[in-house]
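# Residue-level structure breakdown
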Amino acid sequence: MDIEYVNCNLCGKDDTTFVTKTVQDGQEFKLVKCASCDLIYLNPRLTWDTIKGIYSENKLDNFQYYLNTKDLDEQTFTERLNLIRQYTTPGKVLDIGSSIGIFLHAAHKQGWQIFGMELNKEEAKYSEENFGVKLVSSYGTKPKFDLINMSDVIEHFTHPKEELQKISKALKQNGLLLISTPDFDNKLTRKVAIKPHEHLYYFDKTTLTKLLEDTGFKVLYIESTTRKLSLKTLRYSSSFNTSKVKKFILDIIVYTKTYKIFDFFVNKTNPDLLVIAQKIL
Ligand SMILES: [Zn+2]
């Protein structure tokens, strides 16, 4: 596993304080906070080539998980699209990391023309065949889209600032960006969202706003939110279902239907941030 040291992606400096550490597969990882702009990030971290390898090993598990959370995800995304309608009317939407296409399926029902970008070939194919998603392999450089969505994507980027600059070019003037990401101000997130093999950045309202403003966006909406989930479907999650014991406990919870109690509380925890930002440059 190759590692690399990086400077702060937001302000470019290399002056940090220690936040916390975690161990995955016997390897210790540290989260640090930039002394200059407060951005929290993993440093050192795995190189992109190593991370890509891990993604391709996990892909089958994720596909199963997304199929099982389809209905809950559609509810979550429909609510987010309803919120978007307060700011714009349906046009062309691109979903970055479109997975099996549930966000775009919900958008299509509301009159959007749907475009998706997904590295996982199996998931991309599913979205094309089942929901008519038009797949693209790059953002493009022409301002084409009225809305770009990134659900739980930005924390995975190796260079979020540079990525947002590219994404901005694909948006029409006054186009909107819809982002969800773990909220590192949330206590639950601090416990469960530290995933050093996947999440390289840990945003809160302040640092995410700063990142968006630095890349030519104006934040119109930023609130805590929950991507609806259920213990019933966590059985299929590769990050949760890590041992036979956990799987067994989850099986009992599902069999006895006690997951309904857990779900009620879990869906009130608001572990994520939901942001709507408008391109102003
Ligand atoms: Zn910084």
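Residues numbered from 1 in each chain as written. Predicted model: local features only at pLDDT ≥ 70, side-chain atom pairs only at ≥ 80, totals over all residues.

## Focus on unusual backbone geometry
Each neighbour pair has its own omega, and for Asn43 with Pro44 the value is 0°, a cis peptide bond. Within the secondary structure layout, Pro44 lies in the loop between strand S4 (40-42) and strand S5 (45-46). Look at Asp25: it is not a glycine, yet its phi comes out positive at around 50°. Within the secondary structure, Asp25 is located in the loop between strand S2 (16-24) and strand S3 (27-34). Its identity as a non-glycine residue notwithstanding, Asp152 has a phi of 55°, on the positive side. By secondary structure assignment, the location of Asp152 is in the loop between strand S9 (145-151) and helix H5 (160-170). (Helix = DSSP H or I, 4+ residues; strand = E, 2+ residues; numbered from the N terminus.)

## Digging into the pairing of strand S6 (residues 92-96)
Of all 5 residues making up S6, 4 are buried, and the element is well covered by its neighbours. Note that S6 and strand S7 (residues 113-117) share 5 bridges and pair parallel. Note on S7: the bridge partner recorded for Val93 is Ile114. Between S6 and its parallel partner S7, the chain crosses via helix H3 (residues 102-109), and the hand of that crossover is right-handed. As judged from the 3 bridges shared by S6 and S9, these two strands associate in the parallel manner. When the sheet's bridge partners are listed, Leu94 is paired in S9 with Ile148. (Buried ≥ 20, exposed ≤ 12 C-beta atoms within 10 Å, placed from the backbone. Pairing = 2+ DSSP bridges. Right-handed = clockwise from strand over helix to strand, strands pointing away.)

## Some thoughts on H3
Along H3, 6 of the 8 residues are buried, which leaves the element largely enclosed by surrounding structure. In the core, the buried residues of H3 are packed alongside helix H2 (70-84), S6, S7, helix H4 (121-131) and S9. (Contact = placed C-beta atoms within 7 Å.)

## A short note on the environment of Pro271
Locating Pro271 in the fold gives a position in the loop between helix H10 (259-266) and strand S13 (272-279). Setting aside anything within four residues of it in sequence, one finds Pro271 in contact with Pro182, Asp183, Asn186, Leu188, Thr189, Ala193 and Thr226.

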